[in-house]
Amino acid sequence: MNTIDAKLLARMFLAGAKNLEVKKEWINELNVFPVPDGDTGTNMTLTIMSAVKEVNGLEDVQMTTLAKAISSGSLRGARGNSGVILSQLLRGFTKGIRDLKELDAVALARAVDKGVETAYKAVMKPKEGTILTVARGVADKALELAEDAEDLQTFLEDVLEEGRRVLAKTPDMLPVLKEAGVVDSGGQGLMVVLEGAFDAFMGKEVDLTFDAGENAKVVKVTPQTEADIKFGYCTEFIIVLNKKFTAEDEVDFKAYLSSLGDSIVCVADDEVVKIHVHTNDPGLAIQRALTYGSLSRIKIDNMREEHQEKLIKDAEKVAAQQAEEEAAKAPKKEVGFISVSIGDGFGQIFRDLGVDYLIEGGQTMNPSTEDMLTAISKVNADHIFILPNNKNIILAANQAKALTKDKDIIVIPTKTVPQGITAVINYVPEKSVEDNEKDMTEEISRVKTGQITYAVRDTHIDDKEIHEGDIMGIGDHGMLAVGKEVAAVAKETVEQMVDDETELISIYYGEGFTEEEAEALAGELEEQYDYCDIEVNCGGQPIYYCIISVE
């Protein structure tokens, strides 16, 4: 077989997407920083799945319709830098094939080269040692071999082998990859897609059902009411045994807990017993447990109170959504704002500052170009400022800007949420859009950000040995601190960011770090940096215990 028609190409594309979907978590784990939000595999998968949905919806697969489906679907579904670059590779590739009936080696080589050219143009400062480098290696080899290719199978095998060779060299091009002991995750994702496509070309049976799209199961969840909560206290503790806990003891204790409540877990070994129970009287469970030994890590949560708090938060979200919908219906104004945010606290800060539309997302889930376009359609303004608030979202925002024709979109390249807050604060209505863009961009360059989270694997970065479970302070340009305690790592992170010109330190506490802990940290920082103002705010963000900005 020396040519590929539209139907075979469609099958190859779907097989490549399936291979990526299957291996996305492995690709996520190639993230240089061992944070619990490695998302390259997820972003690339969600990007290509948007195109899969379009391809699967085609009634008549022709090269023109296939090219349009792949290009349009991937562009709108693009998430994160890796996803946007993948969408641009596919966009350029489909431009090279859309007017052809069949593809031989020469046509494939030219289309792949067009894809690489398009992707490089989309990135303002292309960096070698990334997905772009791997794509360029594939394209160059294809162009080198195409004219003399006698057999398409051999041609594709040789091109893939070159892609693997270039991928293996990416650690030599980016020292941070070499130090972390990984290849570039985006480049690996691209090779996974190409290898899956080659399997389909070779006739390998591939399961082309997908978890996303029409094949996903829809689960309807009925909200729990407070009246449904029969036992109000979620009670957990560990018994440190001072005598033998027999199988008979375990049966008796479980029976006793059953008389007090439900959702019972009782796990025992030779030295400790782990207990979980929902009950209306935690004290009775604790009293009986004390007959077996001393107690540790006691945790009692009022589930009815948590339910009420959830109702309040849900109501606040509904109110915010209604406000956004009303804003879309309001008379057109000159300037509007869209911000990416995550966490109820950050969301409220942006609303208080006058942001018209919030896109839920951020580090743990990068919004797509389509999400950006939806937000743009909801803001009734001539000029709209977009604050991506994450370096991995800026490309998607710029892609949405390029796809918008009826409004003036200004992307302020904010790389962190504190930068986004600073950008909005420095907007001056009396100034022109151009002057505001210049001033806001200049002001965000003065904001340093540190993010405190935990390591999900062992690695070595920026001359720091990191072990799974360690607490890390990650700055704008690398690892700032590593330790065992959140507060201690946060203090060391601040030390790395503060200088003689620092005036303000802001602490935004998230999940796993309480307001009391944040206030205690602020108190210690006030003693150390008495020349700075210290602020504490609720961010409510997941994954990161606290986010700290220094200005």
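None of the values given here were measured: they were computed from a predicted structure.

Asks: Hey, could you go over the packing of helix 13 (residues 344–352) against helix 16 (residues 417–425) for me, with residue numbers and the actual values?
Replies: Contact geometry of helix 13 with helix 16 gives a least axis separation of 10 Å together with a crossing angle of 15 degrees. Overall, the two elements helix 13 and helix 16 adopt an arrangement that is roughly parallel. Note that helix 13 runs across helix 16; the crossing there is left-handed. On helix 16, the residues that touch Phe346, Ile349 and Phe350 of helix 13 are Val417, Gly420, Ile421 and Val424. For the contact of helix 13 with helix 16, the residue count by class is six nonpolar, one polar and no charged.

Asks: So what's going on with the nonpolar core? Residues and values would help.
Replies: Judged by nonpolar contacts, the single largest core of 74 residues is most densely connected at Ile4 and Phe13. Ranked by size, the runner-up nonpolar core spans 29 residues in total, among them Leu387, Val417, Ile461 and Met472.

Asks: So what's going on with the environment of Ile461? Which residues, and what values?
Replies: With respect to the helices and strands, the residue Ile461 is situated in strand 12 (residues 459–461). Classification of Ile461 by relative accessible area gives buried; the value is 0%. For Ile461 and Leu373, which are 88 residues apart along the polypeptide, the C-alpha to C-alpha distance reads 37 Å.

Asks: Residues and numbers for the confidence of the model for the protein chain, please.
Replies: Averaged over every residue, the pLDDT of the protein chain is 87; residues scoring 70 or more account for 90%. For the protein chain, the element scoring lowest by mean pLDDT is helix 12 (residues 303–329), at 62; strand 10 (residues 408–411) scores highest, at 97. Considering only residues more than four positions removed or in separate chains, one finds that residues 212–226, a stretch of pLDDT under 50, has twelve contacts.

Asks: Could you give an account of the sheet that holds strand 6 (residues 293–302), with specific residues and numbers?
Replies: The strand order across the open sheet formed by four strands is 4-5-3-6, and the pairing between neighbours is antiparallel. The sheet is open, and its two borders are formed by strand 4 (261–268) and strand 6, each paired with just one other strand. Between one strand axis and the next, the sheet turns by 10 degrees as a mean value, whatever way the strands run. Across eight bridges, strand 3 (residues 233–241) lies against strand 5 (residues 272–279) in antiparallel orientation. Bridge assignment links Tyr233 to a residue of strand 5, and that residue is Thr279. Where helix 10 (residues 247–260) meets the sheet, it contacts strand 3, strand 4 and strand 5, and its direction lies at approximately 160 degrees from that of strand 4.

Asks: I'd like to hear about helix 10, residue by residue, with values.
Replies: End to end, helix 10 covers 20 Å across 14 residues, agreeing with the expected 20 Å (1.5 Å per residue, within 8%). For helix 10, the complete set of buried residues consists of Asp249, Phe253, Leu257 and Leu260. Seen from one end, helix 10 has its buried residues packed into an arc of 65 degrees, which puts them on one side. Exposed and oriented more than 90 degrees from the buried face of helix 10 are Ala247, Glu248, Val251 and Ser259. For helix 10, the secondary structure elements touched by its buried residues are strand 3, strand 4, strand 5 and helix 11 (282–289).

Asks: So, the side chain of Thr235: which residues are in play, and what are the values?
Replies: Residue position: Thr235 is located in strand 3. Among residues more than four places away in sequence, those in contact with Thr235 are Ile275, His276, Val277, Thr279, Pro282, Lys299 and Ile300.

Asks: Can you explain a negative patch on the surface? Please cite residues and give values.
Replies: Residues Glu147, Asp148, Glu150, Asp151, Glu157 and Asp158 make up a contiguous surface patch of negative charge. Among the secondary structure elements, Asp151 is positioned in the loop between helix 6 (131–146) and helix 7 (152–173). Note on Asp151: relative accessible area 34%, which makes it partly exposed.

Asks: Lay out unusual backbone geometry in plain terms, naming residues and giving numbers.
Replies: At Asn389, a residue that is not glycine, the phi angle is positive and equals roughly 60 degrees. Position of Asn389 relative to the elements: it lies in the loop between strand 9 (381–387) and helix 15 (394–403). Phi at Ile543 takes a positive value of approximately 70 degrees, unusual for a residue other than glycine. Secondary-structure assignment places Ile543 in the loop between strand 17 (533–538) and strand 18 (546–550).

Asks: A description of the sheet that holds strand 8 (residues 357–360) should follow, citing residues and the corresponding values.
Replies: Pairing is parallel across the open sheet formed by four strands, whose spatial order is 8-7-9-10. Because the sheet does not close on itself, it has two edges, and the strands there are strand 8 and strand 10. Within the sheet, the average angular offset between the axes of one strand and its neighbour, ignoring direction, is 20 degrees. Bridge count for strand 7 (residues 333–341) against strand 9 is six bridges, and the pairing is parallel. By the bridge assignment, Ile338 is partnered in strand 9 with Ile386. On top of the sheet, helix 17 (residues 433–444) reaches strand 7, strand 9 and strand 10; it is set at about 5 degrees to strand 9, its chief contact.

Parameters and conventions
Residues numbered from 1 in each chain as written. Predicted model: local features only at pLDDT ≥ 70, side-chain atom pairs only at ≥ 80, totals over all residues. Heavy atoms only, no water. Axes fitted to C-alpha atoms, helices over the stretch in contact; angles between N-to-C directions. Helix = DSSP H or I, 4+ residues; strand = E, 2+ residues; numbered from the N terminus. Parallel < 35°, antiparallel > 145°, perpendicular 65-115°, else oblique. Left-handed = near helix turned anticlockwise from the far one by under 90°. Contact = heavy atoms within 4.5 Å. Nonpolar A, V, L, I, M, F, W, Y, C, P; charged D, E, K, R; others polar. Core = buried A, V, L, I, M, F, W, Y, C linked by side-chain atoms within 4.5 Å. Buried < 20%, exposed > 50% of the residue type's maximum accessible area, 1.4 Å probe, protein only. pLDDT = per-residue confidence, 0-100. Pairing = 2+ DSSP bridges. Expected span 1.5 Å × (residues − 1). Arc of directions from axis to C-beta. Patch = residues over 30% accessible without salt bridge, like charges linked within 9 Å, V, L, I, M, F, W, Y side chains within 5 Å. Areas by Shrake-Rupley, 256 points an atom, 1.4 Å probe, with all protein chains shown as cover. Salt bridge = Lys/Arg side-chain N within 4 Å of Asp/Glu carboxyl O. Lys, Arg positive; Asp, Glu negative; His and termini not counted. Charge placed at Lys NZ, Arg CZ, Asp CG, Glu CD.

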